[in-house]
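# Inside the fold
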Amino acid sequence: MAEQRRVDPDPLELNQPEVGRPPGIFAQEGFKSSLIAVVSTVVVFGGGALLIVNSPNWPKVRDQYFSGEDFRASWPKVLDGFWVNLELFAYSTVSIAIVALVVAVMRSFRGAAFFPLRALATIYTDIFRGIPLILLILLIGFGLPALDIGGVPRSATFWGIVALTLSYSAYTAEIYRSGIDAVPESQRSSARALGLTQWQSLRFAILPQAVRNVVPALMNTVVSLQKDVALISILGVREAVREAQIYTARTFNYTSYVVATLLFLAISIPLTRVVDWYTARDRRLRSQAPV
Amino acid sequence: MTAKLELINVHKSFGTTHVLNGIDLSVDEHEVVCLIGPSGCGKSTILRCVDLLDTIDQGHILLDGHDVSAKGVNPDEVRRRMGIVFQSYNLFPHLSVLDNVTLGPRRAHGVDKDAAEEHAMTLLDRFGLADKAEDYPNRMSGGQNQRAAVVRALMSDPEVLLLDEVTSALDPELVGEVLSVIRELAGAGMTMVLATHEMGFARDVANKVAFLHEGRVLEVAPPAELFSNPQAERTQQFLQRVTEAGRL
């Protein structure tokens, strides 16, 4: 509503930058508090490091976990495996996004006629949220291929993705649903009043707003999925963790696990940063938006 | 002659609250009927029930003599013949004005994109919003939002236009622009039912004013009659309070 009136946003010049005051951490926090931050960081982390390095078995542990030679030796195989992880991650992200949306939409349909859809969706989320992911992977990964259904792949990779999708979709559907519920009821009335069917109202009016509501939550799920993909290793899929295990079994050296850890961190830390950045930006934009 | 819209003994409760207790009302073609009365008397509920957004518990709603509240009637078909404008505009925040107003024609009526947009631009231009077509609702004033909402309701050439306190959420200086839009529609012969608190406007634009109290129509009369010579005691009290508040 302020659009038509031009108002000086800061008539008293309260928010003008002060001249001669350099920006940055020292300017804002003061030199003393910055010094305290640095000193306490050094004490805590340095103290911790000293404690580890001076422990009686450190030299042995160092060779077991941080051997440069084993790092180089295990790197190629573990990296190869990690590409498999990324592939699994990509496929399951897409299938989860779709299945979860379908389940959420099923749960959002109203009216007595749609009771079976709602019931089905509710039972689905209840069951698959209730089973530990690792158990689900074992059950589906070893159980279903044994059926030997015609035309369906028997590979552990395929059934691993199915298991991840079933479990993650149950959670993700609830995220979508919270987004759908957060769209005001008046938007639904407004869409129905145009003569749109229930499905059209969801598709064109409600879902676009709902998804926007939950993007930060969805991105958090993606970060978590990126790591849980490694659970498929229990089916014998030769991804990063499996390759690291194989190396360890052969050499009795655990450095390969550190290699795998670093590879996962190389993806998950930037991903987490992006989520945080997006969430902060989203919050800022929403609080600015005139209503 | 059959009335365009007729409500016969309409009842509606929400839980244990009886909002409508036997509404009888008839609206002829090209007629403008204003619903007035204290808050909570059922004005908005009537409009929502007519548009089948709420289902009535008892009674009948007739459109051109056909019972649209009967079982087996597809509510989407009925809604496509009517337009409704809400107090709080309810434009879709993720769509531009043009996409807001063309959504109904394109998806519910199967009009193709170009034809819908051409029609939309004609209407937006008529209501002074042509330059806002690409804007998003939260970048516009309340008055512009509400005019866009009126255009959205008009896009499907409704046989009846329902207006639910369309100026109540507006800043006082923006009320005029929306009222003049409605006045223009009345002049063009649009059949309308308005729930309103703007008594002066009701007197000006309505063919018939219905005073509601506790879910019943207590009195229906042409505005000149109802405002200057109210029959029911409740109507007299209500109008007196409105007059004291300087709203008439």
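Sequence order as written defines residue numbering, which begins from 1 separately in each chain. Starting at A for chains and at 1 for ligands, labels are handed out in the order in which the entities are written. For this predicted model, a pLDDT threshold of at least 70 governs which residues receive local features, and a threshold of 80 or more governs which side-chain atom pairs are given and counted, while totals over whole chains, interfaces and linings are taken from all residues.

## Remarks on the overall build of chain B
Under the convention used in this document: In this description a helix means any DSSP run of H or I spanning at least four residues, a strand means any run of E spanning at least two, and both kinds are numbered starting from the N terminus. Here the globule rule reads 2.2 Å times residues to the power 0.38, and the radius of gyration is calculated from C-alpha atoms. The exposure label follows from counting other C-beta atoms within 10 Å of a residue's C-beta, where the C-beta atoms are placed from the backbone and the thresholds are 20 or more for buried and 12 or fewer for exposed, leaving partly exposed in between.
Each helix and strand in chain B was counted, giving nine helices and 10 strands. By the compact-globule yardstick of 18 Å for 248 residues, chain B fits well, its C-alpha radius of gyration being 18 Å. In terms of its C-alpha atoms, chain B occupies a principal-axis envelope of roughly 55 × 45 × 35 Å. Sorting the 248 residues of chain B into buried and exposed places 47% on the buried side.

## A look at the overall build of chain A
Quick note on the threshold: Residue pairs qualify as contacts under a 7 Å threshold applied to their C-beta atoms, which are placed from the backbone.
When helices and strands are counted, chain A shows 11 helices and zero strands. Each helix (α) and strand (β) of chain A, taken in turn from the N terminus, gives the series α-α-α-α-α-α-α-α-α-α-α. Sequence-distant contacts in chain A: of pairs separated by 6 or more residues, those separated by 24 or more amount to 75%.

## Topic: the sheet that holds strand 10 (residues 216–221) of chain B
Residue and element names in this part refer to chain B. Stated precisely, the cut-off is as follows: Only when DSSP finds a minimum of two bridges between them are two strands counted as paired. What counts as an axis is a line fitted to C-alpha atoms, over the stretch in contact for a helix, and the angles between N-to-C directions run from 0 to 180 degrees.
Pairing in this open sheet of six strands is mixed, and the strands run 6-7-8-3-9-10 from one edge to the other. Looking at strand neighbours, the two that pair on one side only are strand 6 (82–85) and strand 10, the edges of this open sheet. The sheet shows a mean angle of 15 degrees between the axes of neighbouring strands, direction not considered. Relative to strand 9 (residues 208–213), strand 3 (residues 32–36) runs parallel, the two being bridged by four bridges. Among the inter-strand pairings, cysteine 34 is bridged to a residue of strand 9, identified as valine 209.

## Overview of helix 9 (residues 198–228) of chain A
All names here are of chain A. Note the cut-off: Between the first and last residue of a helix there are one fewer steps than residues, each counted as 1.5 Å, and that sum is the expected span. Take the seven residues that end at a residue and the seven that start at it, fit an axis to each, and the angle between those axes is the bend at that residue.
When the terminal C-alpha atoms of helix 9 are compared, their 36 Å separation across 31 residues is substantially less than the 45 Å that a helix rising 1.5 Å per residue should span. Along helix 9, the sharpest kink reaches roughly 55 degrees, centred on valine 215 and followed within four residues by the proline proline 216. Those residues of helix 9 that fall on the buried side of the exposure criterion are Ser201, Leu202, Phe204, Ala205, Ile206, Leu207, Ala210, Asn213, Val214, Thr221, Leu225 and Gln226.

## A word on the environment of tryptophan 199 of chain A
With respect to the element layout, tryptophan 199 of chain A can be found in helix 9. For the pair tryptophan 199 of chain A and glutamate 239 of chain A, spaced 40 residues apart in the sequence, the C-alpha separation amounts to 41 Å.

## Description of the sheet that holds strand 4 (residues 58–63) of chain B
All names here are of chain B. Taken in spatial order, the four strands of this open sheet run 2-1-4-5, and their pairing is antiparallel. The open sheet is flanked by strand 2 (17–27) and strand 5 (66–67), the only strands paired with a single partner. Note that strand 1 (residues 5–14) and strand 2 share eight bridges and pair antiparallel. Bridge pairing links leucine 7 to leucine 25 in strand 2.

## Some words on the interface of chain B and chain A
Selection rule: All residues other than Ala, Val, Leu, Ile, Met, Phe, Trp, Tyr, Cys, Pro, Asp, Glu, Lys and Arg, Gly among them, are scored as polar; the first ten of these are nonpolar and the last four charged.
At the interface, 23 residues of chain B touch 22 residues of chain A. Where the side of chain B that touches chain A is concerned, the elements lending two or more residues are helix 2 (75–79) and helix 3 (97–108) of chain B. The element best represented in the side of chain B that touches chain A is helix 3 of chain B, accounting for four residues. Tallied by class, residues from the side of chain B that touches chain A come to eight nonpolar, eight polar and seven charged.

## Some remarks on the nonpolar core
What counts, and what does not: Nonpolar cores are built from buried Ala, Val, Leu, Ile, Met, Phe, Trp, Tyr and Cys residues. These are joined into a set through C-beta atoms within 7 Å.
Cys34, Leu35, Val151, Leu162 and Val193 of chain B are the most contacted members of the largest nonpolar core, which has 126 residues in total. Per-element accounting of this core gives the leading share, 11 residues, to helix 7 (residues 156–182) of chain A.

## Some details on the packing of helix 4 (residues 68–108) of chain A against helix 10 (residues 240–251) of chain A
Helix packing geometry: the angle between the two helix axes and the distance between the axes. Residue and element names in this part refer to chain A. Here is the rule: An angle counts as roughly parallel when it lies under 35 degrees, as roughly antiparallel when it exceeds 145, as roughly perpendicular when it falls between 65 and 115, and as oblique in every other case. Whether a crossing is left-handed or right-handed is set by the direction in which the near helix is turned from the far one by less than a right angle, anticlockwise for left-handed and clockwise for right-handed.
At a closest axis distance of 7 Å, the pairing of helix 4 and helix 10 adopts a crossing angle of 150 degrees. Considered as vectors, helix 4 and helix 10 are oriented roughly antiparallel to each other. Helix-helix and strand crossings are classified by hand; for helix 4 and helix 10 the assignment is right-handed. Between helix 4 and helix 10, the residues in contact are Asp70, Ser74, Lys77, Val78, Asp80, Gly81, Phe82 and Asn85 and Ala240, Arg242, Glu243, Ala244, Tyr247 and Thr251, respectively.

## Topic: unusual backbone geometry
Residues and elements named next belong to chain B. Despite not being glycine, leucine 52 has its phi angle at roughly 60 degrees, a positive value. Examined against the element boundaries, leucine 52 turns out to sit in the loop between helix 1 (43–50) and strand 4. A count of 21 C-beta atoms within 10 Å places leucine 52 in the buried class. Even without glycine at this site, aspartate 64 takes up a positive phi of about 55 degrees. Within the secondary structure, aspartate 64 sits in the loop between strand 4 and strand 5. C-beta crowding within 10 Å serves as the criterion here: with 14 such atoms nearby, aspartate 64 is assigned to the partly exposed category.

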